[in-house]
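One letter stands for each residue in the lines below.
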Amino acid sequence: MPLHAHFDYVVEDPHAAAQHLLRLGGSLAAHQDPSDPHLLVMLDPAGHPFCLIRSSAAGRY
């Protein structure tokens, strides 16, 4: 089984950051937690997941 790393990026506005990353080739993961507006799961161009976390809520994660 290959090793994988998961990154969480703390940003001021996850939705604005996601829009920028979509333009760079990233994509939104199919699964999102609709009850958590402070977290977005994204995929890099190779399909590896990472999360964008709102900075004001970072202490919760």
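The following refers to the structure shown. Nothing here was measured: the structure is a model prediction, and the numbers come from that model.

### Looking at the nonpolar core
Inference 1: Counting residues in each nonpolar core, the largest one holds seven residues, listed as V11, A17, A18, L40, M42, F50 and L52.
Inference 2: Within the residue set of this core, elements represented by two or more residues are α1 (14-23), β3 (39-43) and β4 (49-54).
Inference 3: When sequence neighbours within four positions are dropped, the list of residues in contact with V11 reads A17, L52, I53, R54 and S55.
Inference 4: The next biggest cluster of nonpolar side chains, apart from the first, holds five residues, and it includes A29, V41, C51 and I53.

### Examining the sheet that holds β3
Hydrogen bonds between backbone groups are what pair the strands of a sheet, and the pairing can be parallel or antiparallel.
Inference 1: A sheet is described by the order of its strands in space; here four strands give the open sequence β1-β4-β3-β2, paired in mixed fashion. Each having just a single partner strand, β1 (7-11) and β2 (27-28) make up the two edges of the open sheet.
Inference 2: Pairing between β3 and β4: five bridges, direction antiparallel. Residue L39 lies in a different strand from β4, and its bridge partner there is I53.
Inference 3: Contacts from α1 reach β1, β2, β3 and β4 within the one sheet, and its direction differs from that of β4 by about 145°.

### Concerning the pairing of β4
Inference 1: Sheet analysis places β1 next to β4, joined by five bridges and oriented parallel. The partner of F7 across the bridge, within β4, is F50.
Inference 2: Hairpin connection between β3 and β4: a loop of five residues separates the two successive antiparallel strands, and G47 in this loop has a positive phi of roughly 95°.

### A closer look at the environment of V10
Inference 1: With respect to the secondary-structure elements, V10 resides in strand β1.
Inference 2: Measuring from C-alpha to C-alpha, the distance between V10 and L52 comes to 5.9 Å, with 42 residues separating the pair along the chain.
Inference 3: Setting aside its immediate chain neighbours within four residues, V10 contacts I53, S55 and A58.

### Some words on the environment of C51
Inference 1: The topology assignment puts C51 in strand β4.
Inference 2: Relative accessible area serves as the criterion here: at 8%, C51 is assigned to the buried category.
Inference 3: Sequence separation between C51 and H20 is 31 residues; the distance between their C-alpha atoms is 14 Å.
Inference 4: C51 has contacts with H6, F7, D8, Y9, L39, L40 and V41, leaving out every residue within four places of it along the chain.

Quick notes on the rules
- Residues numbered from 1 in each chain as written.
- Predicted model: local features only at pLDDT ≥ 70, side-chain atom pairs only at ≥ 80, totals over all residues.
- Heavy atoms only, no water.
- Core = buried A, V, L, I, M, F, W, Y, C linked by side-chain atoms within 4.5 Å.
- Buried < 20%, exposed > 50% of the residue type's maximum accessible area, 1.4 Å probe, protein only.
- Helix = DSSP H or I, 4+ residues; strand = E, 2+ residues; numbered from the N terminus.
- Contact = heavy atoms within 4.5 Å.
- Pairing = 2+ DSSP bridges.
- Axes fitted to C-alpha atoms, helices over the stretch in contact; angles between N-to-C directions.

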